[in-house]
Amino acid sequence: MKQRSFVMLKPDAVKRRLAGEVLGRFENRGLKILAAKLLVITPELAKEHYGEHSERPFFKDLVEYITSGPVLATVIEGEECISLIRKMVGATNPQEADLGTIRGDYAIDTGRNIIHASDSETSAAREIALFFEDSEIYDYSMPDEEMIY
Ligand code: RTP
Ligand code: MG
């Protein structure tokens, strides 16, 4: 089943000039980028996006971090891609992330773990709607789609 995930390169990824390289991993895997934009998240949007963590002790730091510079927000599509992308991203704490995962290869600290990806279909739908208008999401065919599927 084709799914869409909300994937965001966090401010540290953009500032460290890793955004293209990380996004390239999804392209190389055969996933399709349907939408992408660079933006600085407002504190309001950050609190909404990470609402499930509002009572956690790290919430204030998380909001400060995610609003500290531009993020690259994207919508990525592919077969069963929500869990696939989470596997490619790796554990929340990069110290525990396997080598070969994005966090395992590029990050050291939980508070600077470079990327966000939706954890379920419900979160994906909520997060995509939070960051993108329908008109900003493009459906198109890939010339090599029949090689991938
Ligand atoms: P994300 O939502 O950003 O994709 O990360 P995740 O699913 O792997 O982890 P989640 O539990 O949703 O936590 C969201 C972000 O909060 C920060 N965090 N800090 N200090 C801590 O114990 C702690 N735990 C989480 C991380 O930046 C994490 O990505
Ligand atoms: Mg999460």
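Scoring rules and cut-offs
Residue indices begin from 1 for each chain and proceed along its sequence in written order. For this description, chains carry letters from A and ligands carry numbers from 1, given in the order in which they are written. The model is predicted, so local features are restricted to residues of pLDDT at least 70 and side-chain atom pairs to those at 80 or more, both for listing and for counting; the totals for chains, interfaces and linings are taken over all residues. Buried means a residue has 20 or more other C-beta atoms within 10 Å of its own C-beta, exposed means 12 or fewer, and partly exposed covers the counts in between; C-beta atoms are placed from the backbone. Helix numbering and strand numbering both begin at the N terminus, where a helix is a DSSP run of H or I of at least 4 residues and a strand a DSSP run of E of at least 2. Taking the helix axis as origin, the arc is that swept by the directions to the C-beta atoms. We call two residues in contact whenever the C-beta atoms placed from their backbones are within 7 Å. UniProt positions are given in the numbering used here, feature names are shortened, and annotations may be inferred rather than shown by experiment. Note: two strands are recorded as paired if DSSP finds a minimum of 2 bridges between them. Angles shown run from 0 to 180 degrees and are taken between the N-to-C directions of axes, each axis being a line fitted to C-alpha atoms and, for helices, limited to the stretch in contact.

A.B. asks: What is the right way to read helix α2 (residues 19-29) from this model?
C.D. replies: Every α-helix carries 3.6 residues per turn, so stepping three or four residues along brings you back to the same face. Along α2, the residues that are buried comprise Ala19, Val22, Leu23 and Phe26. Seen end-on, α2 carries its buried residues on one side only, within an arc spanning 95°. Opposite its buried face, α2 presents the exposed residues Gly20, Gly24 and Asn28, each directed more than 90 degrees away. Summarising the contacts, the buried residues of α2 are in contact with β1 (2-9), α1 (11-15), β2 (32-39), β3 (71-79), α6 (102-106) and β4 (115-117). One or two positions beyond α2, positive phi appears at Gly30, with a value near 110°.

A.B. asks: When you look at the UniProt feature "domain: Nucleoside diphosphate kinase-like" (unreviewed entry) in the chain in this model, what are you seeing that I'm missing?
C.D. replies: The UniProt entry lists residues 2-139 under the feature "domain: Nucleoside diphosphate kinase-like" (unreviewed entry), expressed in the numbering used here. When the span residues 2-139 is considered, its composition is 41% helix and 20% strand, and the gap between its end C-alpha atoms is 12 Å.

A.B. asks: What exactly am I supposed to notice about the sheet that holds β2 here?
C.D. replies: Sheet strands line up and pair through hydrogen bonds in the backbone, either parallel or antiparallel. Pairing within the open sheet is antiparallel, and its 4 strands lie in the order β2-β3-β1-β4. At either margin of the open sheet sits one strand with a lone partner, and together these are β2 and β4. Ignoring strand direction, the axes of neighbouring strands in this sheet form an average angle of 20°. Here 7 bridges tie β2 to β3, and the two strands are oriented antiparallel to one another. Bridge pairing links Leu38 to Leu72 in β3.

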